[in-house]
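# Observations on chain architecture
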Amino acid sequence: MATVNFYAAARAASGVSVAEIAGEKLGEVVDAATKLFPKLEAILAGCSYLVNGFATQNLDTLIAPQDVIDILPRFAGGAYPPIADIGRVGWIKLGSLIP
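Anyway, here's the lowdown on the structure attached to this text. (Residues numbered from 1 in each chain as written. Predicted model: local features only at pLDDT ≥ 70, side-chain atom pairs only at ≥ 80, totals over all residues. Heavy atoms only, no water.)

## Quick notes on the overall build of the protein
Across its full length, the protein carries two helices and eight strands. In the protein, which comprises 99 residues, the proportion classed as buried is 35%. Taking as baseline every contact in the protein between residues at least 6 positions apart, the subset at least 24 positions apart corresponds to 47%. Just so you have it, the protein exposes about 6,000 Å², and 62% of that area is on carbon and sulfur atoms. (Helix = DSSP H or I, 4+ residues; strand = E, 2+ residues; numbered from the N terminus. Buried < 20%, exposed > 50% of the residue type's maximum accessible area, 1.4 Å probe, protein only. Contact = heavy atoms within 4.5 Å. Areas by Shrake-Rupley, 256 points an atom, 1.4 Å probe, with all protein chains shown as cover.)

## Some words on the packing of aromatic side chains
Across all of its chains, the model carries one aromatic pair by this definition. The interplanar angle of 80° and the centroid separation of 5.6 Å between the aromatic rings of phenylalanine 6 and phenylalanine 37 together place this pair among those described as edge-to-face. Here phenylalanine 6 is found in strand S1 (residues 2-6), whereas its partner phenylalanine 37 is found in the loop between helix H2 (26-36) and strand S3 (48-51), with 31 residues between them in sequence. Residue phenylalanine 6 shares its accessibility class with phenylalanine 37, and that shared class is buried. (Phe/Tyr/Trp six-rings, centres within 6.5 Å; stacked < 30°, edge-to-face > 60°.)

## Remarks on the nonpolar core
With 20 residues, the main nonpolar core has Phe6, Leu40, Ile69 and Ile71 as its most contacted residues. Those elements that place two or more of their residues in this core are S1, helix H1 (9-14), strand S2 (18-21), H2, S3 and strand S5 (68-72). The biggest single contributor to this core is H2, with four residues. Each residue touching isoleucine 69, except ones within four places of it in the same chain, is listed here: Ala2, Thr3, Val4, Asn5, Leu26, Val29, Leu50, Val51 and Ile63. (Core = buried A, V, L, I, M, F, W, Y, C linked by side-chain atoms within 4.5 Å.)

## Examining unusual backbone geometry
With a phi close to 50°, alanine 8 is a non-glycine residue in the positive phi region. Mapped onto the secondary structure, alanine 8 falls in the loop between S1 and H1. The residue asparagine 52 is not glycine, and still its phi comes out positive at about 55°.

## As for H2
Along an α-helix, residues three or four positions apart point the same way, because every turn accommodates 3.6 residues. Among the residues of H2, Leu26, Gly27, Val29, Val30, Ala33 and Thr34 are the ones counted as buried. Along the axis of H2, the buried residues cluster in a sector spanning 160°; they form a single face. Exposed residues lying more than 90 degrees from the buried face of H2 are Lys35 and Leu36. Looking at the buried side of H2, the elements it contacts are S1, S2, S3, strand S4 (54-56) and S5. (Arc of directions from axis to C-beta.)

So this is what it looks like as structure tokens:
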């Protein structure tokens, strides 16, 4: 089972800061976490994920039992809403535009 760390709102929704959760892909781990902690479903759309310290939104990422997954809500470094800036699309992060 992978070690899953919950931060900020994810910690509040799950009621724990860490859990061991099984799954062969990131999406399976996220689904299993939602089944264990149903309140997570309300915040997962805005979350980002780190697998062994590397950011990914690919839910097909393969997960090994020794992997560490961090679930990061928006406030804790999770996903940001896209914005338009003179014809280009970027991401808002800490008040700046990142292309």
